[in-house]
Amino acid sequence: ASTSGAEHASARARGAAVERDEPPAIGIRCVAYNNQSNRLAVSRTDGTVEIYNLSANYFQEKFFPGHESRATEALCWAKGQRLFSAGLNGEIIEYDLQALNIKYAVDAFGGPIWSMAVSPCGSQLLVGCEDGSVKLFQITPDKIQFERNFDRQKSRILSLSWHPSGTHIAAGSIDYISVFAVKSGSAVHKMLVDRQYMGVSKRKCIIWGVAFLSDGTIISVDSAGKVQFWDSATGTLVKNHLIANADVQSIAVSDQEDSFVVGTAEGTVFHFQLVSVTSNSSEKQWVRTKPFQHHTHDVRAVAHSPTALISGGTDTHLVIRPLMEKVEVKNYDAALRKITFPHRRLISCSKKRHLLLFQFAHHLELWRLGSTVATGKNGDTLPLSKDADHLLHLKTKGPENIICSCISPCGSWIAYSTTSRFFLYRLNYEHDNISLQRVSKMPAFLRSALQILFSEDSTKLFVASNQGSLHTIRLLEGSFKHLHTFQPQSGTVESMCLLAVSPDGNWLAASGTSAGVHVYNIKHLKLHCTVPAYNFPVTALAIAPNTNNLVIAHSDQQVFEYSIPDKQYTEWSRTIQKQGFHYLWLQRDTPITHISFHPKRPMHILLHDAYMFCIIDKSLPLPNDKTLLYNPLPPTNESDVIRRRTAHAFKISKIYKPLLFMDLLDERTLVAVERPLDDIIAQLPPPIKKKKFGT
Amino acid sequence: MVQLRPRASRVPASATVDEGQPASEEEEEAGHGLLLGQPSSGAAAEPLEEDDEEGGDELDDEAPEELTFASAQAEAREEERRVRESVRRDKTLLKEKRKRREELFIEQKKRKLLPDNILEKLTTAGQTNIKKSSGKLKEANLQKENEDCDKGSDSKKAKVQKVQSVGQNKSYLALRLKDQDLRDSRQQAAKAFIQNSLYGPGTNRTTVNKFLSLENKRLPVKKAAAQFLNNAWGTQKKQNAKRFKRRWMVRKMKTSKK
C-alpha cells in the first residue's frame, strides 16, 4: 500500500540555510479595506501590493510586484474600485486591477509622502508630505489632478483623516495635530500633544494615526503609547488612555463609528467600543474592550471591516479576526485567519536533473538536490551521501522585483520576468560545472509575464502576459522563435493567470478570468474548450499524463477533475461533488498551490498546501463526514480487513513543517521544501523588549 | 593679573631696536589705561603699585621680572590686532577666490547650455500643457530656481528643462539629473527618520533571540535560548580545518595507493 509516509527518501532542501543579502520575509506596511467588493489591499515594505479576496476564503488573487525605489507609506481605495498608493519617492501611483499593471505615477512635488486619505465622497485625494504641506488632488475619471495646497505646517504630516462630511480634516504631525478647513485650506486648530503621559520626555511625540468621527471627535494615536480623544470644535483634549509602553502605530474606525481598532509596536491589537455608561442610559463612552496578541512585532497597519479586525505588521503575518458579535453564523468562518505563506508557487523543479529553482524578490537560486544510498524503514531520516549543492545565484538587474520564474524539466532553460523585461537563459552542464548564456533580444510583448511554463520536452515556452494573452515560443539551440499568441478571451480578470501543460504536449490550460479555465489545442493553435466558470478563483492547475484529465483546485478547497478529450467532468469528479468533501478538508485555511501526478499510477493525485500534503487515491472509497480524515498509519499488527475498512481515498501527511513546495521527482522520490516559522522570525527586525517577572 | 615672564625676554631697551617700540607703546597705553574698561580693575591696580615700588629691580636674580599690567595689555592688543589683520586678509582672499570660482562656473554653465533655439522650443512646448497643471508647474519652477541659488551649478551635468508632455514627439521625456539627486537625498532623510524613530536610541528594542527565549526562561523546566548556538563563531577556523582535512585525506589516499 502506498501510504503517504512510506517509500520515499525525502531529500530536504532547506531554503533557510542559504546566505542572502536581503531579508526573505517582507513585512506588511499598509492595509486598505474595500467594503463594496470585500477586498483587502496589502502593501509590503518592498513595494509589493497584494489584493486579497476576503469572500473567496481570503485568497490572494492579484498582486503588483514591488520596486526598490518605491517605499510605500500609504494605500487607499477610491470610488469605483480604484486603488492608489503613495510613498517616500514622492509619487502617487494608481493601479490598474484589470490589466494588472501600474496605470500612472504622479509626482506630488512635496518630497516624500507620508500619508494619504480619500475624501468620503470618493472624488478627492489628500496627501501629507515631508515638507509639512497637505496637498489636495481631484480624482478625474482617468487620472488625478492637483488642485491646491493647504497651509504649510512646520513638520512632516504623518497621518491624515477626513471628517465624514468632507468639510474638515485632521492632520497628525510631530508633537501636534492640526485641524484644517477644507474650503479655505487654513488651519483652524493646532492641538499640542504631550510627549509623555503626565511626564517629560526628550523624545518627540510622533502622531502615527488620526481618525475624525462625525461628532467632531478626533482620535489620535502616538509614539508615547497614548490614545487620545480631542474635541475639534474647541481644540481641546477630552480623554487620555495610556495603553502601551511602546508606540501605538495604527488606527482604523468602523463605518458605523461604534468601534475602532489600534495596533501597537508590541504586537498587541486593542479593540475599543462605544458602550453605554449604564445599561439603560443613552450616554455612551469609549471603552477598551479586547486585547489581541497575534503578532510578535510592530503592528503597522490595521483595518476594520464590518465583521472583522484586520492587522498586519513587521512580522509579515496578515491576521483577520472576525468579531463574534458581528458574525451571524457561528461556524468555522468565524475563526481567526493568519496568512503567513505565499498563495502561489515560488519554486520550480527540474525532474530530470534534480534541480530546484527558488524565486526571491531580486534574485534566483538554483540548487541541486543531494542524494543518499542508505535505506531504512518508514519515518526514518536517512543520511545524505551527497549534500545539496548551491549551483547558481542569479541576480536581476534593475530595481524591479521578479514576478515569476521557471526552469525547464530538462534543466537547460531558465526564464524569469520583471515588469519591464523578460529574461531567458540557456544552461550548459559539463561534468560538475555549469555555464549560463543569456538569450538576447527577447520580444517586448513578453515582459510583465504573470506565469511562465515550459513544455514537458522543453522545446516550447508558454508565457501568460498581464494583458491576458498567451504566447507560445519555440526554443531552439540558443535562440527562439515566436510561434503563436492566443488572444485574450472575453471576461474580466479575476486573478493571476495559472498555466498547465499536458505531458504529451497537446494541451494548454489557462485560468484567471471570469469565463472559466480555457483549454487550448497546441498542435492546431486554437481554443479547444472552456471549463465552466466557478465562483471561486483557481489556486492550482495540472494535467495528468495519458488520461489528459485536468485537475483544478479552487480557493474554497474544492477539487475538480475535467477530462479534456471528452470535454466533461470525469466520473470521479461527479461522485465527489455529489458526496461533498470532508468537512475538515474544507476547513483548511491555506490554498492548494501545486498538483502533480505519479507516472505509473494513474489513480493517484498528489497535492499540497502549506501545512499538509495529500495523495488522493481514486480507487479507494471516499470519506464521509463521520470518518477520520487525518488517518494515521494503522498499526502493523492490525489485520488487513480493518486496515482496508478504515482506508479511504485521502491520504494526508502533516509530518512536514510549513511546506513551500512538494513534487514527485521520479517513481520513488519526493522532494519537499519546508519553511520553518522559526527561521522566518529569526530574520525579522528587533521587536520591543518585554519585561517578564523572573527573567 | 600680573603676567610673570622669565628674565631672558626682558632685555634692556637699549640692546635691541624691537624692544624700543613696546616701551614707547607702554607709555602710551599707560596714559589711557584707565579709560578702557578693565574687568579686573581691582586686581590690576595692585601690580601697578607694586611696580612703582620696586621700580628698576632688574638686578635681582631670584624673583622673576614683573611686567606692568599696561605693557602686558599693550602686547595683548598688538597680538589681537595682528590676528585681526590676518583674518581680514584671509577673508578677502577667500572672497576673491570665491568670486573667481563663480565666474568660472557661470562661464562653464554658459558653455554647457544647449543652443538657445532648442531651449525655446522646449519651453514653448511645455507651456501648451500649462493650463491644467499650472499650479504644479509653478511649484516645479520655483523649486528649480531655489535649487539653482542653493547649489551653484554642477557644471558636469547637462541642464535640460523637464518636459511635461511634448505634443508632437512623445518618444522621450527629458529629466534633470539634479532633481533625482535631491529626491534621493530626501528619501534617504525620510528613511533615516523612520529608522530612528522606530529603532533608534530611546526605543525599547531587544534582539529576536532574547525575545523568543523569554518563554524558555519561564518554563518550569528551564530551556536554553531559542538561538543558543552561535553558528557564526570561528568560521575561519572551521574553514581551515575543512581544508586541512581534505588535504590530509588526499595525502592519505596517495600513500595508501603506493
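For clarity, every value in this text was computed on a predicted model and none was experimentally measured.

A. Focus on the overall build of chain A. A tally of regular secondary structure across chain A gives four helices and 54 strands. Against the compact-globule benchmark of 26 Å for 695 residues, chain A has a radius of gyration of 27 Å, which places it among compact chains. Each principal axis of the C-alpha distribution contributes one length, and for chain A these read about 80 × 60 × 50 Å. Expressed as a percentage of contacts within chain A between residues at least 6 apart in sequence, the contacts between residues at least 24 apart total 48%. Split by element, the accessible area of chain A, about 28,900 Å² in all, is 50% carbon and sulfur. A distance of 1 Å separates the average location of the 74 positive side-chain charges in chain A from that of its 62 negative side-chain charges.

B. Focus on the overall build of chain B. Looking only at helices and strands, chain B has eight helices and two strands in total. Ordered by position from the N terminus, the helices and strands of chain B form the series β-α-α-β-α-α-α-α-α-α. Counting only residues that meet the buried cut, chain B has 19% of its 258 residues in that class. Contacts in chain B between residues far apart in sequence, at least 24 positions, make up 58% of those at least 6 positions apart. Carbon and sulfur atoms make up 55% of the accessible area of chain B, which totals about 20,700 Å².

C. Seen up close, the interface of chain B and chain A. Chain B puts 30 residues into the contact, and the matching count from chain A is 42 residues. In total, chain B and chain A occlude about 3,300 Å² of area from one another, counting both sides; carbon and sulfur atoms represent 61% of this. Between chain B and chain A we count three salt bridges in total. Taking the shortest distance from any N to any O, the salt bridge between glutamate 91 of chain A and arginine 183 of chain B comes out at 3.7 Å. In this assembly, chain B and chain A are joined by eight residue pairs in polar contact (both at pLDDT 80 or more). Contributions of two or more residues to the side of chain B that touches chain A are made by α5 (134–151), α6 (177–199) and α7 (208–218) of chain B. Of the residues that constitute the side of chain B that touches chain A, the class distribution is eleven nonpolar, eleven polar and eight charged.

D. Region of interest: the state of the cysteines. All names here are of chain A. In total, this model carries zero disulfides over all chains according to the counting rule given. Left without a disulfide partner, cysteine 406 is nearest to the cysteine sulfur of cysteine 404, which lies 8.6 Å away. Overall, the relative accessible area of 7% leaves cysteine 406 in the buried class. Of all cysteine sulfurs, the one in cysteine 404 lies closest to cysteine 497, which takes part in no disulfide; the gap is 10 Å. Residue classification places cysteine 497 among the buried residues on the basis of a relative accessible area of 13%.

E. Examining a positive patch on the surface more closely. Residues and elements named next belong to chain B. Taken together, the side chains of Lys91, Lys95, Lys97, Arg98, Lys99, Arg100 and Arg101 define a basic patch exposed on the protein surface. Mapped onto the secondary structure, arginine 100 falls in helix α3 (residues 69–112). Using a relative accessible area of 52% as the deciding quantity, one classes arginine 100 as exposed.

F. Spatial organisation of the sheet that holds strand β40 (residues 479–486) of chain A. All names here are of chain A. As summarised here, the arrangement of the four strands in space is β37-β38-β39-β40, forming an open sheet in which the pairing is antiparallel. Looking at the sheet topology across the chains shown, the edges are occupied by β37 (449–454) and β40. On average, adjacent strands in this sheet sit at an angle of 20° to one another, irrespective of strand direction. Bridge count for β37 against strand β38 (residues 460–465) is five bridges, and the pairing is antiparallel. Within β38, the position partnered with isoleucine 452 by the bridge is valine 463.

G. How the structure looks around the pairing of strand β14 (residues 168–172) of chain A. Residue and element names in this part refer to chain A. Extensive coverage of β14 is indicated by the burial of four of its five residues. Here four bridges tie strand β13 (residues 159–162) to β14, and the two strands are oriented antiparallel to one another. The residue bridging serine 159 from the neighbouring strand is glycine 172, located in β14. Taken together, β13 and the strand that follows it, β14, pair antiparallel across an intervening segment of five residues, in which glycine 166 is found at a positive phi of about 85°. Judged from the five bridges that link them, β14 and strand β15 (residues 176–181) form a sheet pairing that is antiparallel. Across the sheet, residue isoleucine 169 finds its bridge partner in β15, namely phenylalanine 180. Hairpin geometry of β14 and β15 is characterised by an intervening segment of three residues between the two adjacent antiparallel strands and by a positive phi of about 75° at aspartate 175.

H. Fine view of the side chain of arginine 44 of chain A. Residue and element names in this part refer to chain A. Tracing the sequence through the fold places arginine 44 in strand β2 (residues 39–44). Arginine 44 sits in the buried class, given a relative accessible area of 11%. Every residue in contact with arginine 44, bar those within four places of it in the chain, is listed here: Ile26, Gly27, Ile28, Arg29, Glu50, Tyr52 and Thr316.

I. Geometry of unusual backbone geometry. All names here are of chain A. Even without glycine at this site, glutamine 81 takes up a positive phi of about 60°. Take glutamine 81: it is sitting in the loop between β5 (72–78) and β6 (82–87). Phi at threonine 316 is positive, roughly 70°, even though this residue is not glycine. Relative to the helices and strands, threonine 316 resides in the loop between β26 (308–312) and β27 (318–322). Taking the relative accessible area as the measure of exposure, threonine 316 reaches 5% and is therefore buried.

J. Local environment of α3 of chain B. When the terminal C-alpha atoms of α3 of chain B are compared, their 63 Å separation across 44 residues agrees well with the 64 Å that a helix rising 1.5 Å per residue should span. Every buried residue of α3 of chain B is accounted for by Phe69, Ala70, Ser71, Ala72, Gln73, Ala74 and Glu78 of chain B.

K. Broad picture of α6 of chain B. Over its 23 residues, α6 of chain B runs 32 Å from end to end, which matches the ideal 33 Å to within 8%, given 1.5 Å per residue. For α6 of chain B, the complete set of buried residues consists of Lys178, Asp179, Gln187, Ala190, Phe193, Ile194, Ser197 and Leu198 of chain B.

L. Representation of the environment of glutamine 36 of chain A within the structure. All names here are of chain A. Along the chain, the position of glutamine 36 falls in the loop between β1 (28–34) and β2. Its relative accessible area of 69% is what places glutamine 36 among the exposed residues. Distance in space between the C-alpha atoms of glutamine 36 and glutamine 81 is 8.3 Å, their sequence separation being 45 residues.

M. Quick peek at the sheet that holds strand β17 (residues 207–212) of chain A. Residue and element names in this part refer to chain A. The sheet built from four strands is open, its strands ordered β17-β18-β19-β20 with antiparallel pairing. The open sheet has two edge strands, β17 and β20 (236–242), and neither has a second partner. Taking each pair of neighbouring strands and ignoring which way they run, the sheet shows an average axis angle of 20°. Taken together, the five bridges between strand β18 (residues 217–222) and strand β19 (residues 226–231) define a ladder with antiparallel strand orientation. Counterpart to serine 220 in the pairing with β19 is glutamine 228.

N. Geometry of the environment of arginine 601 of chain A. All names here are of chain A. For arginine 601, the position within the fold is in strand β50 (residues 601–608). A relative accessible area of 33% places arginine 601 in the partly exposed class. Put simply, arginine 601 and valine 118 are 483 residues apart on the chain and 56 Å apart in space, counted from C-alpha to C-alpha.

O. Structural context of the UniProt feature "domain: U3 small nucleolar RNA-associated protein NOL7 C-terminal" (unreviewed entry) in chain B. Following the UniProt record, one finds the feature "domain: U3 small nucleolar RNA-associated protein NOL7 C-terminal" (unreviewed entry) at residues 172–234 of chain B. A helix fraction of 54% and a strand fraction of 0% characterise residues 172–234 of chain B, whose end C-alpha atoms lie 55 Å from each other.

P. Molecular detail of a nonpolar patch on the surface. Together, Phe244, Trp248 and Met249 of chain B make up a nonpolar patch on the protein surface, roughly 340 Å² of accessible area in all. Relative to the elements of secondary structure, tryptophan 248 of chain B occurs in helix α8 (residues 235–257).

Q. Summary view of the pairing of β19 of chain A. Residues and elements named next belong to chain A. Within β19, five of the six residues are buried, which leaves the element mostly enclosed by the surrounding structure. Hairpin connection between β18 and β19: a loop of three residues separates the two successive antiparallel strands, and glycine 225 in this loop has a positive phi of roughly 90°. Summarising the sheet, β19 and β20 pair through six bridges and their orientation is antiparallel. Residue pairing in the sheet places aspartate 231 in a bridge with threonine 236 of β20. Taking the residues between adjacent antiparallel strands as the criterion, β19 and β20 are bridged by four residues, where glycine 235 takes a positive phi near 75°.

Conventions adopted
Residues numbered from 1 in each chain as written. Chains lettered and ligands numbered in written order. Predicted model: local features only at pLDDT ≥ 70, side-chain atom pairs only at ≥ 80, totals over all residues. Heavy atoms only, no water. Helix = DSSP H or I, 4+ residues; strand = E, 2+ residues; numbered from the N terminus. Rg over C-alpha atoms; globule rule 2.2 N^0.38 Å. Contact = heavy atoms within 4.5 Å. Areas by Shrake-Rupley, 256 points an atom, 1.4 Å probe, with all protein chains shown as cover. Lys, Arg positive; Asp, Glu negative; His and termini not counted. Charge placed at Lys NZ, Arg CZ, Asp CG, Glu CD. Buried < 20%, exposed > 50% of the residue type's maximum accessible area, 1.4 Å probe, protein only. Buried area = accessible area lost by both parts, 1.4 Å probe. Salt bridge = Lys/Arg side-chain N within 4 Å of Asp/Glu carboxyl O. Polar contact = N/O pair within 3.5 Å; in protein donor to acceptor, adjacent residues only side chain to side chain. Nonpolar A, V, L, I, M, F, W, Y, C, P; charged D, E, K, R; others polar. Disulfide = S-S within 2.5 Å. Patch = residues over 30% accessible without salt bridge, like charges linked within 9 Å, V, L, I, M, F, W, Y side chains within 5 Å. Pairing = 2+ DSSP bridges. Axes fitted to C-alpha atoms, helices over the stretch in contact; angles between N-to-C directions. Expected span 1.5 Å × (residues − 1). UniProt positions renumbered as here; feature names shortened; annotations may be inferred.

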